[in-house]
Structure formats: C-alpha cells, structure tokens
Amino acid sequence: MLTNKNYFLADESATIAMGNKLADIVKKELKQGIVVYLYGDLGAGKTTLTRGFVQGMGHIGHVKSPTYTLVEPYELDDWLVYHFDLYRLSDPEELEYMGIRDYFADNCCCFIEWPEKGLGMIKAPDLRIDLAYSDEQRTINIQAKTPLGELVVNRLS
C-alpha cells in the first residue's frame, strides 16, 4: 500500500515551505522529475504550494498562476518545471495540440491543477496533493501514487 500523509499548514509561508521541502527532495534525492496532481477549491493554496516548489528548485522571481495560459514554464539550470492550470480547458484534445507529451521528460517536474480536465492526455501522477481550508489555515494530504511518489512522501517525514 502506498503512503498517504496529512499535514497542517498554519499560513501561506507554511504552504510555501512545504513546496520548498518537496523541491529539496526532488533535487537532492530523486534527481529526476515528478508529476503532481493538485486538488482543492479555488484559493485553497495550489498555486502557493507550486510557487514554493518552483522557488525551491532555484527560480528567482515571480511565480504566477497559469489560469489563462494553461501552462507556465520555468527553465532552470538542470530542470524544467511546468505549472499547469487546466481549469479553463474545454476539451482534453487541446492538450495534444500544445505538445503535451513533451512536457513529461525525465528532467521535468509537472504540477497540474484541475488534472481531471486533462485525463487521458496527461501522464499519471507520482503524487496526488489535496489542499483544503481548515478555518483560516489549510490542511494538505499527500498521497503517493507510484514508487517514486512513495520515496517523496517517506522523505517528508
């Protein structure tokens, strides 16, 4: 059975710190890319978590939501990080036209918001992350979906 862990995130900085931790594990231990599906209501912290990851991978500067562009690419020294937001996707076939398969190479980390809108066209996840409100704070549930995801979740402890 694959690992499933819950964490409490007290504020935005805790959400960013969790993204940083995920980036450290990818860079220092996995040394290969991962695919992460992000779930949660609008404003639950999906982009904030991704911002922490992108910055943890070495990006300096603004990390914005790709709501209108579908994907924001971040080309870093040894990594490519892609932040997808499929909320406005009307047909998964649109992903084929943008060359979606090219985004899932070994040195690519893909964080995908609203992945259910692209099912059948996007690679299966290594991790599923669910973010939810808990009063003014957030809870995060991280589920490993592959042995690679299992390694990440175990290293978070």
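Provided above is the structure to which this section pertains.
Residues numbered from 1 in each chain as written. Predicted model: local features only at pLDDT ≥ 70, side-chain atom pairs only at ≥ 80, totals over all residues. Heavy atoms only, no water.

The biggest cluster of nonpolar side chains holds 32 residues, and the ones touching the most others in it are Phe-53, Met-57 and Ile-129. Top element by residues in this core is helix H1 (residues 12–30). It accounts for six residues. Discounting residues that sit within four places of it in the chain, Ile-129 has contacts with Leu-22, Val-36, Tyr-37, Leu-38, Tyr-39, Leu-49, Ile-140, Asn-141 and Ile-142. Judged by nonpolar contacts, the second largest core, of 19 residues, contains Tyr-37, Tyr-82, Leu-95 and Trp-114. (Core = buried A, V, L, I, M, F, W, Y, C linked by side-chain atoms within 4.5 Å. Buried < 20%, exposed > 50% of the residue type's maximum accessible area, 1.4 Å probe, protein only. Helix = DSSP H or I, 4+ residues; strand = E, 2+ residues; numbered from the N terminus. Contact = heavy atoms within 4.5 Å.)

As summarised here, the arrangement of the seven strands in space is S1-S7-S6-S2-S5-S4-S3, forming an open sheet in which the pairing is mixed. Each edge of the open sheet is held by one strand with a lone partner, namely strand S1 (4–9) and strand S3 (71–75). Between one strand axis and the next, the sheet turns by 15° as a mean value, whatever way the strands run. As judged from the six bridges shared by strand S4 (residues 80–85) and strand S5 (residues 108–113), these two strands associate in the parallel manner. Opposite His-83, over in S5, you have Phe-111 as the bridge partner. H1 rests against S1, S5, strand S6 (127–134) and strand S7 (137–144) of the sheet, and its axis sits at about 140° to S1. Running at roughly 170° to S5, helix H2 (residues 46–56) makes contact with strand S2 (35–39), S3, S4, S5, S6 and S7 of the sheet. (Pairing = 2+ DSSP bridges. Axes fitted to C-alpha atoms, helices over the stretch in contact; angles between N-to-C directions.)

Turning to the pairing of S3, a few remarks are in order. Relative to S4, S3 runs antiparallel, the two being bridged by five bridges. For Tyr-74, the partnering residue across the bridge sits in S4 and is Val-81. Turn length for the S3-S4 hairpin, with the two strands adjacent in sequence and antiparallel, is four residues.

Another point: the side chain of Glu-72. Following the sequence through the fold, Glu-72 ends up in strand S3. If near-sequence neighbours (up to four positions away) are discounted, Glu-72 is found in contact with Lys-64, Pro-66, Val-81, Tyr-82 and His-83.

Below, the discussion takes up the packing of H1 against helix H4 (residues 147–156). Look at H1 against H4: their axes get within 10 Å of each other, and the N-to-C directions meet at 120°. Overall, the two elements H1 and H4 adopt an arrangement that is oblique. As H1 packs across H4, the resulting crossing turns out to be right-handed. Touching Met-18, Lys-21, Leu-22, Ile-25, Glu-29 and Leu-30 of H1 are Leu-148, Leu-151, Val-152, Arg-155 and Leu-156, all from H4. A class-by-class count of the residues in the contact of H1 with H4 yields eight nonpolar, no polar and three charged. (Parallel < 35°, antiparallel > 145°, perpendicular 65-115°, else oblique. Left-handed = near helix turned anticlockwise from the far one by under 90°. Nonpolar A, V, L, I, M, F, W, Y, C, P; charged D, E, K, R; others polar.)

Applying the stated rule across the entire model yields four salt bridges. In this structure, Glu-29 and Arg-155 form a salt bridge, with 2.3 Å as the shortest nitrogen-oxygen distance. Of the two residues, Glu-29 is situated in helix H1 and Arg-155 in helix H4; the sequence distance between them amounts to 126 residues. In this structure, the salt-bridge partner of Glu-96 is Arg-101, at a minimum N-O distance of 2.6 Å. (Salt bridge = Lys/Arg side-chain N within 4 Å of Asp/Glu carboxyl O.)

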